[in-house]
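# Breakdown of the fold
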Amino acid sequence: QVQLVESGGGLVQPGGSLRLSCAASGSIFSIDVMCWYRQAPGKQRELVAVINSGGNTNYADSVKGRFTISRDNAKNTVYLQMNSLKPEDTAVYYCNAAVRRIGRRTYGDYWGQGTQVTVSS
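So, how was this worked out
Residues numbered from 1 in each chain as written. Predicted model: local features only at pLDDT ≥ 70, side-chain atom pairs only at ≥ 80, totals over all residues. Heavy atoms only, no water. Core = buried A, V, L, I, M, F, W, Y, C linked by side-chain atoms within 4.5 Å. Buried < 20%, exposed > 50% of the residue type's maximum accessible area, 1.4 Å probe, protein only. Helix = DSSP H or I, 4+ residues; strand = E, 2+ residues; numbered from the N terminus. Phe/Tyr/Trp six-rings, centres within 6.5 Å; stacked < 30°, edge-to-face > 60°. Lys NZ or Arg CZ within 6 Å of the ring centre and 35° of its normal. Pairing = 2+ DSSP bridges. Axes fitted to C-alpha atoms, helices over the stretch in contact; angles between N-to-C directions. Salt bridge = Lys/Arg side-chain N within 4 Å of Asp/Glu carboxyl O.

## Digging into the nonpolar core
Core analysis: the largest hydrophobic core is formed by 32 residues, its most contacted members being Trp36, Leu80, Met82 and Tyr93. Mapped by element, the contributors of at least two residues to this core are β1 (2-7), β3 (18-26), β4 (28-39), β5 (46-51), β7 (67-72), β8 (77-82), β9 (91-101) and β11 (115-119). Broken down by element, this core gets its largest block of residues, five residues, from β9.

## A closer look at the packing of aromatic side chains
Using the criterion set out here, one finds one aromatic pair in the structure. Taking the centre distance of 4.9 Å and the plane angle of 55° together, the rings of Tyr37 and Trp111 count as tilted. One end of the pair, Tyr37, is in strand β4; the other, Trp111, is in strand β10 (residues 107-111), with 74 residues separating them in the sequence. Exposure remark for Trp111: the relative accessible area of 35% places this residue in the partly exposed category. Directly above the ring of Tyr79 sits Arg19, whose terminal nitrogen or CZ lies 4.0 Å from the centroid. We note Arg45 situated over the ring of Tyr94; from NZ or CZ to the ring centre the distance is 3.8 Å.

## A few points about the sheet that holds β1
Read from one edge of the open sheet, four strands run β1-β3-β8-β7, paired in antiparallel fashion. The outermost strands of the open sheet, each flanked by one partner alone, are β1 and β7. Pairs of neighbouring strands in the sheet enclose a mean axial angle of 15°, with direction left out of account. Sheet topology note: the β1/β3 ladder contains six bridges and is antiparallel. Along β3, the bridge assignment pairs Leu4 with Ala24.

## Here we look at the pattern of salt bridges
One pass over the full model with this rule turns up four salt bridges. Taking the shortest distance from any N to any O, the salt bridge between Glu46 and Arg38 comes out at 2.6 Å. The exposure class of Arg38 is buried, given its relative accessible area of 6%. For Arg66, the salt bridge is made with Asp89, and the minimal N-O distance between the two is 2.8 Å. Separated by 23 residues along the polypeptide, Arg66 in the loop between β6 (57-59) and β7 and Asp89 in the loop between β8 and β9 bring together distant segments of the chain. In this pair, the class of Arg66 matches that of Asp89, namely buried. Among the charged side chains, a network of salt bridges with common partners joins Arg38, Glu46, Arg66 and Asp89.

Purely geometric stuff here, so don't read any function into it on its own.
See below:
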């Protein structure tokens, strides 16, 4: 089994910052792409940021210049540093990872349970 556990969400004022973490654990052989998604009430889930095993990153236009995705491969952890937060960033944030389990030949798709981020004064 593989588990992804997010942390770091909360309530922050506009212009503030938060850092989300997502730690993967279990029978992990390797992790390829790690992503952050978000879903606001009444909206579809959207991709926020992506980082591959080589450290290459990509971002949604709405967060470019404000959010930074990074990873610590030794800890099987991905981070999302969110700066200059806006009310429209309010959503449940989910991490997602492509994980190859020990003894398996292919990668599986795993999700965390989500963490709420609320940007409000």
